[in-house]
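# Residue-level structure breakdown
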Amino acid sequence: MVQFLGNQNPGAAGERVHMVTLDKTGKKSFGICIVRGEVKDSPNTKTTGIFIKGIVPDSPAHLCGRLKVGDRILSLNGKDVRNSTEQAVIDLIKEADFKIDLEIQTFDKSDDQQAKSDPQSNGYMQAKNKFNQEQTPSNKAGGGQGMGMGQGQGQGQGMGAMNRQTTQKRGTTFTASMRQKQNYAEEDDEDTRDMTGRIRTESGYEIDRASAGNCKLNKQEKDRDKEQEDEFGYTMAKINKRYNMMKDLRRVEVQRDASKPLGLALAGHKDRQKMACFVAGVDPNGALASVDMKPGDEIVEVNGNVLKNRCHLNASAVFKNVEGDKLVMITSRRKPNDEGMCVKPIKKFPTSSDETKFIFDQFPKARTVQVRKEGFLGIMVIYGKHAEVGNGIFISDLREGSNAELAGVKVGDMLLAVNQDVTLESNYDDATGLLKRAEGVVTLILLTLKSEEAIKADREAEEKKKEEAKKEEEKPQEPATAEIKPNKKILIELKVEKKPLGVIVCGGKNNHVTTGCVITHVYPEGAVATDKRLKIFDHICDVNGNAIHVGSMTTLKVHQLFHTTYEKSVNLTVYRADPPELEKFNVDFMKKAGKELGLSLSPNELGCTIADVIQGQYPEIDNKLQRGDIITKFNGDALEGLPFQVCYALFKGANGKISMEVTRPKPTLRTEAPKA
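Residues numbered from 1 in each chain as written. Predicted model: local features only at pLDDT ≥ 70, side-chain atom pairs only at ≥ 80, totals over all residues. Heavy atoms only, no water.

### Concerning the overall build of the chain
Within the chain one finds 16 helices and 33 strands. Expressed as a percentage of the 676 residues in the chain, the buried residues total 48%. Considering only residue pairs separated by 6 or more positions, the chain has 68% of its internal contacts joining residues 24 or more positions apart. For the chain, the exposed area adds up to about 35,300 Å²; of that, 48% sits on carbon and sulfur atoms. (Helix = DSSP H or I, 4+ residues; strand = E, 2+ residues; numbered from the N terminus. Buried < 20%, exposed > 50% of the residue type's maximum accessible area, 1.4 Å probe, protein only. Contact = heavy atoms within 4.5 Å. Areas by Shrake-Rupley, 256 points an atom, 1.4 Å probe, with all protein chains shown as cover.)

Rendered as C-alpha cells:
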C-alpha cells in the first residue's frame, strides 16, 4: 500500500521529498535493500545518508510505484535516519511489524543536464549500471548487499533483486565510496528454504533445519566470518544472524559427565501465553557450574535442537535425547528488569518439586501406570491430534502379552509423561527417545480418551438433554405452586381466605407510573408475605384474568384491585424483570423547623416506602413524590438495611436543606390496551 502526500519542500536541482507508506501484509518483506553511502550533488558538495539500492520485484516497495533505486530515506516512522547506520534502520523496520512510513528524497535531473553541469562526473548511468549490472532485455535481476526487510523473527538479512524496467533515469552521481558498497552477493540474502524437519551437518550430526547451524550467510557475511564451524554448524556470525532480535547471545560449551548431573533447573515464561526455556538455577556442584550461565538466561538451542518458543517442561527430554558427551548451548542473557521467567532463581539443589504434578491438576482423570521394561516395553506411539485434547503423543499399538498390555496400557491412551519427563508438547522423536532410554520399572502417566464416536454420542446426549429441559420449562406449571422465574410471565394462585393481600403498588393514568402495575411494598402480615413468592418490583399484569391497563385506569382503581378482600384465592399473572426496571431521581427542598415532612413511611428492605403523601406541606414533594415511591438515600446516607427506627429518627431530626434519593418502578408496557 502507498500513501502519497504530494510534493513537500522541493529542494534544489530537482530534488523532491514525499511520503510513502508500505504495508507488507501477506508478503515476506517490504522489498527494499538499503545501503549507507554518499551522493555527489555538485562538483563541490555531497550528501551522505541511507539510500535504496535494490527493490524486490512484486514486493510492496515495487508495487507502490513511488520508490526508485537511489532514493534517499530521510525518516522512518517519524524518526530522522539521515545520520543513522544501516543496522539501526534495519532494526527500526523490524520493530515496525507490517507497516512503515518513509520520508523519501528523490532526484529527477536528466542525464543531459547532469552532463552539462558536471562534465567530469562519471554520470548516473554508471552508478545505475552498478545497481543493475548489465542492461539486457531479459531483465536479469542482480543480487544485493543490503537488507531485504522481512518479518522481525525471520532470518534477518535478505537480498533484494531489482526490476530493471521500472528504474528511472537520474542525474545524480554516486561516489566511489558508495559504489564500493554495492557489490552484489553471488547468492540471495533472503532465506526462503523450508525450515521444518531435520538435516545433517557436514560432521554428520542431526540438527533442526531452523537451527542457527543451518543459517544461511551471503558471500560478504561469509568473507567476514573467519570462525570455523563446529560439528553442529555453529559460528557466532550465524548465531547472531539467526537470533538477531535477541540480546547478548552466547555460545556455551560443556563436557557432560555421565556420573555427574548437569545441575540445571529450568523454568517457563511468566506469561502463560508465551513459550520459553529459562535457566532458573545452576547447581554449584553440577557440570555447568564452571560455564558462563546464570539464572535468567534464556536457552534457545542445544546441539542444534531449537528450544526457542518451546515449553520448558520438554527441554529436559531434549537434553536427555542429545547424543554424545558434549553440550553446546546458545543462550541470551537478559537484564534483571526484563520480562522473563515465572519463578525466582533457585539456590538450593536438588529441588523437591515434581514437574509432573501439574498434569493431574490439568487432567484429573490421568493415571499412573508402572511397566517393567524387559528388553522392550511393548508399545508403539504416534504423534497425532484428538478432538478432546488437541495434539500430542498417543499409544498406537501394543505387543500382545507384553508387560505394557498386562499393566493396563490401552491403544488410544495419550502419553503425558515418561518417568519425570513431561511429553505434553514433545514431538515424536523426543517421546520415542525417552521410551528407548528408560530402564527397569518405567512410570508412565496416561490419559484414556473417548473415541470419536463416544464424543459424538456425548454431544448428542447433551443436546437432547437441553431440548428436554427446554420443553420442561415450557410446560404449564400448577399456579398454586408455580415458581416465578425471571423475564417470563408466570400465572400464580394465592390462597387468601378473606385475608388482605398486604401490598402497596404503583400505577395508574394519573400516576407517575403509567406503563404497568408494580409492587413496591409487602406488609409482613398480608397474604402475599405468607405465600413468599412475590417480591418488591414484581410487575402484575392481570388479576383473575382481567388485564391491568394502567394507561386507562385511575390510580384509585388500580389500588382497589389489591385492597379488595377475596373469598378463597386470587390468580395473578406476574413478570419479574432481571435486572429490575427502575428509575432513580433526587428531590431537594428546605425543611422548616417544627414543620413535618408530610410523608407517611413504612419500613422497606431498601429504605422507606412512602405509604401516603400529605398535600400542602412542601410543594417540591407534592409535585414529585407519590404513594409507593421508595426513599433509598437521605442527605447522602444509604437507608438500605437500616432499622426503621433509625430511618425515622433521621427524617424527624432533620432541618434545613434536605436531599432524598428516590427509587421508582419504570416497567416495560406488557399489557395491550383494551379494544374499543
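### Description of the pairing of strand β18 (residues 390-398)
Here strand β17 (residues 379-386) pairs with β18 via eight bridges, running antiparallel. Looking at β18, one finds that Ile 379 is bridged to Leu 398. Between the end of β17 and the start of β18, which pair antiparallel, lie three residues. Bridge analysis of β18 against strand β19 (residues 414-418) gives two bridges, and the strand direction is antiparallel. Residue Ile 393 lies in a different strand from β19, and its bridge partner there is Leu 415. (Pairing = 2+ DSSP bridges.)

### Section: the nonpolar core
If you look at the biggest cluster of nonpolar residues, it comprises 25 residues, and the most contacted ones within it are Ile 492, Leu 494, Leu 534, Ile 540, Ile 548, Phe 562 and Leu 572. Among the secondary structure elements, those contributing two or more residues to this core are β22 (489-495), β23 (503-506), β24 (517-522), α13 (527-531), β25 (539-543), α14 (555-563) and β27 (569-575). Those residues in contact with Leu 534, other than ones at most four positions away along the chain, are Ile 484, Ile 492, Leu 494, Ile 519, Val 528, Ile 540, Leu 572, Val 574 and Arg 576. (Core = buried A, V, L, I, M, F, W, Y, C linked by side-chain atoms within 4.5 Å.)

### Describing the pattern of salt bridges
Following the criterion strictly, the structure yields 25 salt bridges and no others. One salt bridge connects Arg 250 with Asp 248, and the closest N-O pair in it is separated by 2.8 Å. Between Arg 333 and Asp 292 there is a salt bridge, and its shortest N-O distance comes to 3.0 Å. One end of the pair, Arg 333, is in the loop between β15 (326-332) and α9 (357-362); the other, Asp 292, is in the loop between β12 (278-282) and β13 (298-302), with 41 residues separating them in the sequence. (Salt bridge = Lys/Arg side-chain N within 4 Å of Asp/Glu carboxyl O.)

### Some details on a negative patch on the surface
Judged by side-chain charge, Glu 462, Glu 463, Glu 467 and Glu 468 come together as a negatively charged surface patch. With respect to the helices, strands and loops of the structure, Glu 463 is situated in helix α12 (residues 452-474). For Glu 463, a relative accessible area of 46% gives the class partly exposed. (Patch = residues over 30% accessible without salt bridge, like charges linked within 9 Å, V, L, I, M, F, W, Y side chains within 5 Å. Lys, Arg positive; Asp, Glu negative; His and termini not counted. Charge placed at Lys NZ, Arg CZ, Asp CG, Glu CD.)

### A look at the side chain of Asn 511
In this structure, Asn 511 sits in the loop between β23 and β24. Judged by its relative accessible area of 11%, Asn 511 falls in the buried class. Polar side-chain contacts of Asn 511 include one of 2.7 Å to the side chain of Gln 626. If near-sequence neighbours (up to four positions away) are discounted, Asn 511 is found in contact with Cys 506, Thr 555 and Gln 626. (Polar contact = N/O pair within 3.5 Å; in protein donor to acceptor, adjacent residues only side chain to side chain.)

### Points about the environment of Asp 283
Here Asp 283 is to be found in the loop between β12 and β13. For Asp 283, a relative accessible area of 14% puts it in the buried group. When the C-alpha atoms of Asp 283 and Lys 347 are compared, they prove to be 7.6 Å apart, with 64 residues separating the residues in sequence.

### What about unusual backbone geometry?
Put simply, Asp 578 and Pro 579 share a cis peptide bond, and its omega is 5°. Turning to its location among the elements, Pro 579 is positioned in the loop between β27 and β28 (582-591). Although it is not a glycine, Glu 497 sits at a positive phi angle of roughly 50°. Considering the arrangement of structural elements, one finds Glu 497 in the loop between β22 and β23. With relative accessibility at 55%, the residue Glu 497 sits in the exposed group. Within the chain, Lys 498 stands out as a residue other than glycine whose phi angle is a positive 65°. Judged by relative accessible area, which is 52%, Lys 498 ranks as exposed.

### As for helix α11 (residues 428-437)
In an α-helix, one turn spans 3.6 residues; hence positions three or four apart end up facing the same way. Buried within α11 are the following residues: Asp 430, Ala 431, Thr 432, Gly 433, Leu 434 and Leu 435. The residue sitting at the N-terminus of α11 and contributing the capping side-chain oxygen is Asn 427; that oxygen lies 3.2 Å from the backbone nitrogen of Asp 429.

### Details of the packing of aromatic side chains
In this description, an aromatic ring pair is defined by two values, namely the gap between the centres and the angle between the planes. Here the structure, examined in full by the defined rule, presents five aromatic pairs. Arranged with centres 5.1 Å apart and planes meeting at 45°, the rings of Phe 589 and Tyr 618 form a pair that is tilted. Within this pair, whereas Phe 589 is found in strand β28, its partner Tyr 618 is found in the loop between β30 (607-613) and α15 (619-624), the two being separated by 29 residues in sequence. The two residues Phe 589 and Tyr 618 agree in class, both being buried. (Phe/Tyr/Trp six-rings, centres within 6.5 Å; stacked < 30°, edge-to-face > 60°.)

### Quick notes on the side chain of Glu 298
By the element assignment, Glu 298 lies in strand β13. At a separation of 2.8 Å, a polar atom in the side chain of Glu 298 contacts the side chain of Arg 334. Here Glu 298 is in contact with Met 246, Ala 276, Cys 277, Phe 278, Ile 330, Thr 331, Ser 332 and Arg 334, once residues within four sequence places are set aside.

### A word on the confidence of the model for the chain
Scored by pLDDT, the chain comes out at a mean of 79, with 83% of its residues at no less than 70. This model gives residues 1-13 a pLDDT under 50, and the stretch forms 25 contacts once residues within four places in sequence are excluded. Contacts from residues 109-188, a stretch scored under 50 in pLDDT, to residues over four places away or in other chains number 196 contacts. (pLDDT = per-residue confidence, 0-100.)

### As for the pairing of strand β29 (residues 599-604)
As judged from the six bridges shared by β29 and β30, these two strands associate in the antiparallel manner. Residue Leu 601 lies in a different strand from β30, and its bridge partner there is Ile 610. Between β29 and β30, which pair antiparallel and follow one another directly, the connecting turn spans two residues.

### So, the state of the cysteines
Per the counting criterion, the structure on display carries zero disulfides. There is no disulfide at Cys 541, and the cysteine sulfur nearest it, in Cys 517, is 9.2 Å away. According to the relative accessible area criterion, Cys 541 is buried, its value standing at 4%. (Disulfide = S-S within 2.5 Å.)

### Structural notes on the environment of Gly 324
Of note, Gly 324 is situated in the loop between α8 (315-321) and β15. Note on Gly 324: relative accessible area 45%, which makes it partly exposed. Along the chain, Gly 324 and Gln 255 lie 69 residues apart, while their C-alpha atoms are 9.1 Å from each other.

### With respect to the environment of Gly 213
Take Gly 213: it is sitting in the loop between β9 (206-208) and α6 (219-224). It is 8.9 Å that separates the C-alpha atoms of Gly 213 and Glu 231, two residues lying 18 residues apart in sequence. Ignoring anything within four residues of it in the chain, the contact list for Gly 213 reads Ile 207, Phe 232, Gly 233, Tyr 234 and Lys 238.

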